[in-house]
Amino acid sequence: MAILEVKNLKKSFDDTEVIRDISFTMDEGETLTIIGSSGSGKTTLLRCLNFLERPDSGVIRVKDEVLFDSDITGTVSEKDIRNRRLHFGLVFQSFNLFPQYTALENVTLAPLLLAKENTGIDLPAIEENARGLLDDMGLSDRMGNYPHELSGGQQQRVAIARALALHPDILCFDEPTSALDPELTGEVLRVIKDLAGHNMTMIIVTHEMSFAHDVSDKILFMDKGVIAEEGTPEEVIDNPQNDRTIQFLANYKNGM
Ligand SMILES: Nc1ncnc2c1ncn2[C@@H]1O[C@H](COP(=O)(O)OP(=O)(O)O)[C@@H](O)[C@H]1O
Ligand SMILES: [Mg+2]
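Residues numbered from 1 in each chain as written. Chains lettered and ligands numbered in written order. Predicted model: local features only at pLDDT ≥ 70, side-chain atom pairs only at ≥ 80, totals over all residues.

## Considering helix α1 (residues 42-49)
The buried fraction of α1 amounts to six of the eight residues, a majority that puts the element mostly inside the structure. When we look at burial in α1, the residues that qualify are Lys 42, Thr 44, Leu 45, Leu 46, Cys 48 and Leu 49. At the exit of α1 stands Phe 51, carrying a positive phi of roughly 60°. (Buried ≥ 20, exposed ≤ 12 C-beta atoms within 10 Å, placed from the backbone. Helix = DSSP H or I, 4+ residues; strand = E, 2+ residues; numbered from the N terminus.)

## Brief notes about the site of ligand 1
By nearness alone, every residue bordering ligand 1 is listed as Phe 13, Val 18, Gly 36, Ser 38, Gly 39, Ser 40, Gly 41, Lys 42, Thr 43 and Thr 44. Per-element tally for the shell around ligand 1: the top contributor is α1, with three residues. Taken together, the residues that form the shell around ligand 1 break down as two nonpolar, seven polar and one charged. (Near = placed C-beta within 6 Å. Nonpolar A, V, L, I, M, F, W, Y, C, P; charged D, E, K, R; others polar.)

## Let's talk about the domain arrangement of the protein
The extent of an interface is frequently quoted as the accessible surface area lost upon association of the parts. Domain annotation for the protein reports domain 1 (1-87 + 170-256) and domain 2 (98-167). Each of domain 1 and domain 2 has a C-alpha centre, and the two are 25 Å apart. Counting residues at the interface gives ten residues for domain 1 and ten residues for domain 2. Sorting elements by how many residues they give to the side of domain 1 that touches domain 2 places helix α6 (residues 182-197) first, with four residues. Here the residues of the side of domain 1 that touches domain 2 sort into eight nonpolar, no polar and two charged. (Domains from an automatic or database assignment. Contact = placed C-beta atoms within 7 Å.)

## Describing the sheet that holds strand β7 (residues 170-174)
In spatial order, the strands read β6-β7-β8-β3-β9-β10; together these six strands make up an open sheet with mixed pairing. Edge positions in the sheet fall to β6 (88-91) and β10 (226-231), since each has one partner strand and no second. Averaged over all adjacent pairs, the angle separating strand axes in this sheet is 20°, with direction ignored. When strand β3 (residues 31-35) meets strand β9 (residues 218-223), the two strands line up parallel, connected through four bridges. Each bridged residue has a counterpart across the sheet, and for Leu 32 the counterpart in β9 is Lys 218. (Pairing = 2+ DSSP bridges. Axes fitted to C-alpha atoms, helices over the stretch in contact; angles between N-to-C directions.)

Next comes the structure, spelled out in structure tokens:
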């Protein structure tokens, strides 16, 4: 059974339809990469999945739980939205760490808040989990550092640990290396590849084509709010069929 089903998703801002009828499914453990020009709606799609934007219509289902269905009316409480959000983790292009907290505190903050609301706080367990995650990210000697004391690559690895701390079913990345100097890109891509190797279910928006080719089970090419082409990396990147995909990839190879 699919871990994620997105059906007929639509989202407009004012008069502009940014997501125009998007449907796709993914299986547990899959790595799905979304490519496409700037403005094609990639970030908005990830924000809809993470309940940072409310879709205008469509269905979002994770496992067998319907998280969003525009045909079902009724009010949803803040707590409900927070709980639905837990199915997804999101790693932003610009890291978005809390500057006043150390690396470790950035990773423990959300689990602490969540535990306070639900089960009660077990601080040693939450800290142990956070240390383990930072360790996995190669940051065991940086746990007490503040974001401004870390390189961009290190900050992004803290952000990945932070997203993993809430045990999301699906981890989303929005251009995770776009804000990094080229020499720091590799360390972040290696961490993501490692997660793929451990069967983390992931949706990655990236312009790193050779990485996408290497790591993805499936590629979606988005154009003007629709999925213009989808398939394996071999199909979409090596042998694109749609004119827009061909043009996008050609521009890409010319260094755009
Ligand atoms: N909050 C918003 N309000 C108005 N327009 C928005 C908003 N967010 C995104 N857009 C518009 O939606 C379009 C798609 O944006 P985005 O999803 O960021 O695309 P991408 O990530 O593919 O570059 C753009 O034209 C953008 O200006
Ligand atoms: Mg974007």
